[in-house]
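# Secondary and tertiary structure notes
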Amino acid sequence: MIPSAVTISLVEAARGGPFVYWDDLEAAIREAKELGFDAVELFAPGPDAVDVEQVKGLLTETGLKMAAVGTGAGMVLHRLSLTAVSEDQRTKAKDFVRSMIDFGAAFDAPAIIGSMQGRWGDGLERDAALGFLGNALVELGEHAKQYNVPLIYEPLNRYETNLCNTMAQGVALLESRNITNVVLLADLFHMNIEEVGIADGLRDGGQHIGHVHFVDSNRRPAGCGHMDYAPIVAALKEIGYDGYASAEAFPWPDPSAAARQTIESYRKYFGAM
Ligand SMILES: [Mn+2]
């Protein structure tokens, strides 16, 4: 069974980004519970942005899980990147991710490396950048291991990174360094731009896929674009995927409607699995 999750952003600077809920964490958790989600995914400004005990209490009370926590605030708020040219900046980026791995671990949740991967260029060669990224994934994956959670690495579309755009490239990066505690995030929006076929891309990721961003072709909630979900769900079933289908989508037309639309699509496509 593939459980459902919905994103909550507390990062004001990311306003306009693809997160379903905003502003009020408690209200979002309660509404997610009411709609029938299994979990929430949290995009927070930093490791001290929320009262961990209070959020744990809310999750226990509602029976929801924390599916994952994002680390993108390191880029959005602090301009940090794991592939910065400056070693000092790379160290700061790793320190920030480590603090978010610790934060997620309080909820038994893995952290996601998305925009923090950065990009090559501006005097940094592609191979050097991939070397920095690979080394960071090894180190941070090891850090996550003590909590019995993986680290999640997300290939992004070409407008957001030039490092890994497809599942196959993500697999190649992990396998080139025998990285074992890092899994791939298959974001259907990015895959719709980069993969020859989304279902084939999921098969390329295979056992490496540990998280899915469930969203439509235009980054609106599932069911509001032209994504063909049947072959996608069939491919996930084929590879034995049992992680979350997490709604990282625009709050279109508004957060509540986006969450409702998502859970309806989730039931339609994953309900029979
Ligand atoms: Mn994503």
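A quick note: this is a predicted structure, and the numbers were derived from the prediction, not measured.

Cut-offs used in this document
- Residues numbered from 1 in each chain as written.
- Predicted model: local features only at pLDDT ≥ 70, side-chain atom pairs only at ≥ 80, totals over all residues.
- Heavy atoms only, no water.
- Core = buried A, V, L, I, M, F, W, Y, C linked by side-chain atoms within 4.5 Å.
- Buried < 20%, exposed > 50% of the residue type's maximum accessible area, 1.4 Å probe, protein only.
- Helix = DSSP H or I, 4+ residues; strand = E, 2+ residues; numbered from the N terminus.
- Contact = heavy atoms within 4.5 Å.
- Salt bridge = Lys/Arg side-chain N within 4 Å of Asp/Glu carboxyl O.
- Arc of directions from axis to C-beta.
- Polar contact = N/O pair within 3.5 Å; in protein donor to acceptor, adjacent residues only side chain to side chain.
- Axes fitted to C-alpha atoms, helices over the stretch in contact; angles between N-to-C directions.
- Parallel < 35°, antiparallel > 145°, perpendicular 65-115°, else oblique.
- Left-handed = near helix turned anticlockwise from the far one by under 90°.
- Nonpolar A, V, L, I, M, F, W, Y, C, P; charged D, E, K, R; others polar.
- Pairing = 2+ DSSP bridges.
- Right-handed = clockwise from strand over helix to strand, strands pointing away.

### Concerning the nonpolar core
Ranked by internal contacts, the top residues of the largest apolar core, which has 89 residues, are L137 and L188. In terms of residue count, helix α5 (residues 126-145) provides more of this core than any other element does, seven residues in total. Excluding residues within four positions of it along the chain, L188 makes contact with I198, V212, H213, F214, V215, M227, Y229 and I232.

### Some words on the pattern of salt bridges
Inspection of the entire model under this criterion finds 15 salt bridges. For the salt bridge of K92 with D88, the shortest nitrogen-to-oxygen distance reads 2.9 Å. With a gap of four residues between them, K92 and D88 both fall in helix α4 (residues 87-105), about one helical turn apart. Salt-bridge contacts for R98 lead to D95; the nearest nitrogen and oxygen are separated by 2.7 Å. Of the two residues, R98 and D95 both sit in helix α4, three residues apart, roughly one turn of that helix. For D95, a relative accessible area of 40% puts it in the partly exposed group. Each of the salt bridges in this network shares a partner with another, and the network as a whole consists of K94, D95, R98 and E139.

### Concerning helix α1 (residues 25-35)
Of the positions making up α1, those classed as buried are L25, A28, I29, A32 and L35. The buried residues of α1 occupy one face: seen down the axis, they fall within an arc of 130°. Of the surrounding secondary structure, the elements contacted by the buried residues of α1 are β1 (4-9), β2 (21-22), β3 (39-43), α2 (52-62) and α10 (255-270). The opening residue of α1 is D24, an N-cap whose side-chain oxygen sits 3.2 Å from the backbone nitrogen of E26. Looking one or two residues beyond α1, the residue adopting positive phi is G36, at roughly 105°.

### Some details on the packing of helix α8 (residues 198-205) against helix α9 (residues 229-238)
Put simply, α8 and α9 touch, their axes get as near as 8 Å, and they point 15° apart. One way to sum up the angle between α8 and α9 is to call them roughly parallel. In this structure, α8 crosses over α9, and the sense of that crossing is right-handed. Between α8, through I198, A199, L202 and R203, and α9, the contact on the second element is made entirely by P231, I232, A235, L236 and E238. Here the residues of the contact of α8 with α9 sort into seven nonpolar, no polar and two charged.

### What to know about the pairing of strand β7 (residues 182-187)
Counted residue by residue, β7 has six buried out of six residues, so it is predominantly covered. Here three bridges tie strand β6 (residues 151-153) to β7, and the two strands are oriented parallel to one another. Counted as the bridge partner of L151 is V182 from β7. Regarding the hand of the β-α-β motif, the stretch spanning β6, helix α6 (residues 167-176) and β7 is right-handed. Bridging between β7 and strand β8 (residues 209-213) involves four bridges; their strand directions are parallel. Across the sheet, L184 pairs through a bridge with I209, a residue of β8.

### Some words on α8
Turning to α8, its buried residues are I198, A199, G201, L202 and G205. Down the axis of α8, the smallest arc covering the buried residues is 160°, so these residues share one side. Structurally, α8 contributes buried residues whose contacts are with α6, β7, α7 (188-194), β8 and α9. With its phi angle positive at about 45°, G206 sits one or two positions after the end of α8.

### Remarks on the environment of G271
As for its placement among the helices and strands, G271 is situated in the segment after α10. Placed 204 residues apart in sequence, G271 and A67 show a C-alpha to C-alpha distance of 19 Å.

### So, the environment of C164
For C164, the location among the structural elements is in the loop between β6 and α6. Separated by 47 residues in sequence, C164 and Q117 have C-alpha atoms that sit 9.3 Å apart.

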